[in-house]
Amino acid sequence: MTIPFNRSTFQRDMKSRVSMAHLALEYENIESSVVKVCAELSDLLSPLAYEEVIAVGNKADTYVTAEEREAAAAGLDYLRRAILHFALYEHVIYTIANITNDGITVTKTDDKTTIYKYQQDQLEEHLIADAWFWLNRLIDLMNRYPGIFTEWDGSDRQQSISDLPVTIDDFRRYVGVSDQTFLLFAAWIVREVLRECVYSRLPEGTPLTDLHVMALCYETMARACRRLAYHCLPSPIRRDINNEMGKNHAAQADTAIREHVAQQFADKALGYWQTLDAEQQRQATADAPTYPTPRPANPAQKFVC
């Protein structure tokens, strides 16, 4: 796995991509988080696609047209920005704490003090949001230039999104999620909902109705809220969780907050599932065969036909 940074130029490269980071922050201080994020993104995009983004970015000048050169260079830049924002998010707690033989301390001097909790929460949210922004740009770029990013084009990761019967436009329309990155993180949840909730009501391969799509989107959001890591959640869920944590719920466990938010999506999904079941029952009743009312029996007749 390639780390797309040069140790000797890291501080300058980092500063131009994450303005809040100080030039004194050396690569060695956050290397553990950078390497971890690189491994995660390599798995997310697929190792071959990840390595190709770096390779074509480093040889961007060799492409014939200006458009190709710009696209190749932009891919590597987007990847670096996503890595840095995710890495700093992962590393926030390590930069706050000082671990020595004397124990764990925090910085507090005459002109410096440790960040407040609400400031740390805002910082972490902005780091995640910016990381998602650049990762979304990278995925969109790879989709638009299949001739440059050949390892992404037709890869299992790309197919895991394109093969779904719902698109990110559906999630944008019904639950306000517009991040391609979310489908990379949650494609397995979408498939689970399809198996358990959709194809049990509708033969597999049948086009989904708007009501099926709405129910699927809300159900996926509910399950994602319960199961995905916080930094893998899209902004609507993170925003709802943060709002709940700000309502004097600081003493509640994170799992309780997540469950509360997830239940709101689950309740909406349940309403749609119930509507679909009621419609299916109505249709089954309408399609049932009907028989004419039998002729009343006449006691005077010896045989009744």
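Before reading further, recall that the structure is shown in the block above.
Attention in this report is confined to the structure presented alongside it. Only a predicted model underlies this, so the values are computations on that prediction, with no experimental measurement involved. (Residues numbered from 1 in each chain as written. Predicted model: local features only at pLDDT ≥ 70, side-chain atom pairs only at ≥ 80, totals over all residues. Heavy atoms only, no water.)

### Notes on the overall build of the chain
What counts is decided by this rule: Only DSSP runs of H or I covering at least 4 residues are called helices, and only runs of E covering at least 2 are called strands; the numbering of each starts at the N terminus. Should any heavy atoms of two residues lie within 4.5 Å, those residues are considered in contact. In short, Shrake-Rupley with a 1.4 Å probe defines the accessible areas, and a residue's cover is counted only from the protein chains shown.
From N to C terminus, the chain includes eleven helices and two strands. Of the regular secondary structure in the chain, the N- to C-terminal order runs α-α-α-α-β-β-α-α-α-α-α-α-α. In the chain, of all internal contacts separated by at least 6 residues, the share reaching a separation of at least 24 is 70%. Carbon and sulfur atoms make up 52% of the accessible area of the chain, which amounts to about 17,300 Å² in all.

### Examining the packing of helix H5 (residues 117-144) against helix H8 (residues 180-198)
For clarity, the threshold we go by: A fitted line through C-alpha atoms serves as each axis, taken over the contacting stretch for helices, and the angle formed by two N-to-C directions is quoted from 0 to 180°. By the definition adopted for this analysis, an angle is roughly parallel if under 35 degrees, roughly antiparallel if over 145, roughly perpendicular if from 65 to 115, and oblique otherwise. Throughout, the ten residues Ala, Val, Leu, Ile, Met, Phe, Trp, Tyr, Cys and Pro are labelled nonpolar, Asp, Glu, Lys and Arg are labelled charged, and all others, Gly among them, are labelled polar.
Running from N to C, H5 and H8 cross one another at 90 degrees; their axes reach a closest spacing of 7 Å. Classified by the interaxial angle, the pair formed by H5 and H8 is roughly perpendicular. Contacts between H5 and H8 pair Trp 132, Leu 135, Asn 136 and Ile 139 from the former with Gln 180, Thr 181, Phe 182, Leu 184 and Phe 185 from the latter. Its residues placed into classes, the contact of H5 with H8 shows six nonpolar, three polar and no charged.

### Considering the side chain of Ser 160
Defined as follows: Nitrogen and oxygen atoms within 3.5 Å of one another constitute a polar contact, given that in protein one can donate a hydrogen and the other can accept it, and given that sequence-neighbouring residues count only through two side-chain atoms.
In this fold, Ser 160 is placed in helix H6 (residues 156-162). Here Arg 157 takes part through its backbone oxygen, which lies 2.5 Å from a polar atom of the side chain of Ser 160. With near-sequence residues (within four places) excluded, Ser 160 lies in contact with Leu 184, Ala 187 and Arg 191.

### Structural notes on the packing of aromatic side chains
For clarity, the threshold we go by: A pair of Phe, Tyr and Trp rings is counted when the ring centres sit within 6.5 Å of each other, with Trp represented by its six-membered ring. The angle between the planes then sorts it: under 30 degrees is stacked, over 60 is edge-to-face, the rest tilted. Relative accessibility under 20% of the residue-type maximum defines a buried residue, over 50% an exposed one, and the middle range a partly exposed one, all with a 1.4 Å probe and only protein chains included.
Considering all chains together, one arrives at seven aromatic pairs under this definition. Between Phe 171 and Phe 182, the aromatic rings sit 5.7 Å apart at their centres with planes inclined by 75 degrees, giving edge-to-face as the arrangement. Taken as a pair, Phe 171 in helix H7 (residues 168-175) and Phe 182 in helix H8 lie far apart in primary sequence, eleven residues in all. The exposure class of Phe 171 is buried, given its relative accessible area of 0%. Grouping aromatic residues by their ring pairs yields a cluster made of Tyr 78, Phe 133 and Trp 134.

### Brief notes about the pairing of strand E2 (residues 103-106)
The cut-off we apply is this: In this description, strands pair whenever DSSP reports at least two bridges between them.
Pairing of strand E1 (residues 97-100) with E2 involves four bridges; the strand directions are antiparallel. Counted as the bridge partner of Ile 99 is Ile 104 from E2. Connecting E1 to the antiparallel partner E2 that follows it, the hairpin turn spans two residues.

### Comments concerning the environment of Glu 52
Here Glu 52 lies in helix H3 (residues 47-58). Residues Glu 52 and Trp 152, spaced 100 residues apart in sequence, show a C-alpha to C-alpha distance of 8.5 Å.

### A look at the pattern of salt bridges
Pairs can form between side chains of opposite charge whenever their charged atoms are close. Note the cut-off: When a carboxyl oxygen of Asp or Glu lies within 4 Å of a side-chain nitrogen of Lys or Arg, that pair is called a salt bridge.
In total, this model carries 16 salt bridges according to the counting rule given. Between Glu 28 and Arg 7 there is a salt bridge whose closest N-O contact spans 3.2 Å. You can see Glu 28 sitting in helix H2 (residues 27-45) and its partner Arg 7 sitting in the segment before helix H1 (10-15), a full 21 residues away along the chain. Residue Glu 219 pairs with Arg 223 through a salt bridge whose shortest N-O separation is 3.0 Å.

### Here we look at unusual backbone geometry
Residues other than glycine seldom take positive phi values, yet Ser 46 does so here, at roughly 95 degrees. Within the fold, Ser 46 resides in the loop between H2 and H3.

### Considerations on the environment of Phe 185
For Phe 185, the position within the fold is in helix H8. Classification of Phe 185 by relative accessible area gives buried; the value is 15%. Sequence spacing of Phe 185 and Pro 234 is 49 residues, and the spatial spacing of their C-alpha atoms is 9.7 Å. Ignoring sequence-local partners within four residues, the contact set of Phe 185 consists of Leu 44, Trp 132, Leu 228 and Cys 232.

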